[in-house]
Amino acid sequence: MEINIAEAHHRIKNFILRTPLLTEDYINGFLENTTFFKCENLQKIHAFKARGAANALSKLDKSLLKNGVATHSSGNHGQALAWAAKIFSSYAYVVMPSSAPKTKIEAVHYWGGEITFCEPTLQAREETLQQIVERTGAIFIPPYNHWDIIEGQGTCAYEIFQEDLEPDYLLTPVGGGGLLSGTALAARQYSPKTKVIGCEPKNADDAYQSFNAGKLIPVGAANTIADGLRTSLGDITFEVICKYVHDILTVTEEEIIDAWRWITFHLKVIIEPSCAVPVAVLLKHKDMFKQKRVAVILTGGNVDAEKLRLILP
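In what follows, the accompanying structure is described. Position labels on residues start from 1 in each chain and follow its written sequence. Residues qualify for local features only when their pLDDT is at least 70, as the model is predicted, and side-chain atom pairs are given and counted only at 80 or more; totals for whole chains, interfaces and linings, by contrast, use all residues. Side-chain metrics in this entry use all non-hydrogen atoms of the structure; hydrogen atoms and water are not considered.

**Brief notes about the packing of helix α3 (residues 49-58) against helix α7 (residues 147-162)**
Working step 1: Only the contacting stretch of a helix is used when fitting its axis, a line to C-alpha atoms as for every element, and angles between N-to-C directions run 0 to 180 degrees. The helix count covers DSSP runs of H or I at least four residues long, the strand count covers runs of E at least two residues long, and both are numbered beginning at the N terminus. Between α3 and α7, whose axes approach to 7 Å, the crossing angle comes to 130 degrees. The orientation of α3 with respect to α7, classified from their angle, is oblique. Here the hand of the crossing between α3 and α7 comes out right-handed. Residue-level inspection shows Lys49, Arg51, Gly52, Ala53, Asn55 and Ala56 of α3 in contact with α7, the latter providing Asp148, Ile149, Glu151, Gly152, Gln153, Thr155, Cys156 and Glu159.
Working step 2: Counted by class, the contact of α3 with α7 contains 4 nonpolar, 5 polar and 5 charged residues. An angle below 35 degrees is read as roughly parallel, one above 145 as roughly antiparallel, one from 65 to 115 as roughly perpendicular, and any other as oblique. The hand of a helix crossing depends on one turn: near helix anticlockwise from the far one by less than a right angle means left-handed, and clockwise means right-handed. By the convention used here, residues are in contact when the closest approach between their heavy atoms is within 4.5 Å. Residues were grouped as follows: Ala, Val, Leu, Ile, Met, Phe, Trp, Tyr, Cys and Pro as nonpolar; Asp, Glu, Lys and Arg as charged; and all remaining residues, including Gly, as polar.

Here it is as structure tokens:
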């Protein structure tokens, strides 16, 4: 399947924000490198998922939108789809796990999405979604395992490479793999010397296991604070990641929380815990990135206030 990330960017640029790249002297001094943070926490719906949803819906024939669109999501793809559906005069049905963060539930409601809750397992999400699609005739827009979603998510890295940074490494979280796949494909085309690294919680390390085993190994009970990364790779994202990603590294829950606290106080941004995973990798493997140019995608900022108390002094 051929994708064109530059065309996707042109298609969605009037709907999304070109988010800033931030760098900070203390962070660079501590890490002994130059690190740039792509702040998708400042994106529409405060997450990179707006890119994929806008791209997917912009490529659909208007006649297919009349019955609405549907998906399952832990939160950010759900609100992205509800937001995009509103832009394209459609309607969104969103299946969410009962454990979804309150702020993400409220955001889906805000954008007019209809939520159906289910048990926090992939099987429950997919079965509930199927029932809704059969009842409504809505078009299923997958959260990550879909070429139009991957193409849209790749526009984030595309913007980084347009800044002529040519980073040695680009770090991104990995859950279902849509962003990591899009990032790897963008690097292959626009910055082939950049090594793309997926970053994953050790408590939800299906991508790490699958990558190293050469076969898909679905995640079991993913007990991680990084709620956006509790999903498993799909067949499409797995294939792209195996071909074009340099490595996948994991971090513990303690390392995620410590990194979340560290980046919040030193970069002065509010991010959700999934974003702290690549920061934790950066801190854990400091020697690996020493004297290098590194880009890190901060994927979103949708976090409950109660959870923020975990990183307060």
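Structure's up, so let's keep going.
**Here's the deal with empty space enclosed by the protein**
Rolling a probe over the atoms, with the probe sized like a water molecule, indicates the empty space that remains.
Working step 1: Of the grid points, spaced at 1 Å and generated over the protein atoms alone, those admitting a 1.4 Å probe that cannot get out make up cavities, while open sets with protein on both sides within 12 Å along at least five of seven lines make up pockets; any residue with an atom within 4 Å of a point is treated as lining. Grid points are joined across faces, edges and corners, and a volume is the space filled by probe spheres set on the points. This structure, assessed with the given rule, holds 1 cavity of 30 Å³ or more.
Working step 2: Looking at the largest cavity, its volume works out to about 310 Å³.
Working step 3: The wall of the largest cavity is formed by 25 residues, among which Phe48, Lys49, Gly176, Gly228 and Leu229 lie closest to the centre.
Working step 4: Contributing elements (two or more residues each) for the lining of the largest cavity: α4 (76-87) and α8 (178-190).
Working step 5: In the lining of the largest cavity, the residues fall into 7 nonpolar, 14 polar and 4 charged.

**Here's the deal with the sheet that holds strand β5 (residues 114-118)**
Working step 1: Here the rule is simple: two strands pair whenever DSSP picks up at least two bridges between them. Ordered in space as β5-β4-β3-β6, the 4 strands form an open sheet in which the pairing is parallel. In this open sheet, the two strands that pair with only one neighbour each are β5 and β6 (139-140).
Working step 2: The sheet contact formed by strand β4 (residues 92-97) and β5 spans 5 bridges and is parallel. Across the sheet, valine 94 pairs through a bridge with isoleucine 115, a residue of β5.

**Overview of the pattern of salt bridges**
Working step 1: Salt bridge, as applied in this entry: a Lys or Arg side-chain nitrogen positioned within 4 Å of an Asp or Glu carboxyl oxygen. What the rule picks out here adds up to 14 salt bridges.
Working step 2: Its salt-bridge partner being lysine 284, residue glutamate 255 comes within 3.6 Å of it at the nearest N-O pair. Note that glutamate 255 is positioned in helix α11 (residues 253-267) and lysine 284 in helix α12 (residues 273-284), a separation of 29 residues in sequence.
Working step 3: With relative accessibility at 42%, the residue lysine 284 sits in the partly exposed group.
Working step 4: A single salt-bridge network, built from bridges that share partners, covers Arg11, Lys59, Asp148 and Glu151. Exposure is judged per residue with a 1.4 Å probe applied to protein chains only, and the accessible area is read against the type maximum: over 50% gives exposed, under 20% gives buried, and values in between give partly exposed.

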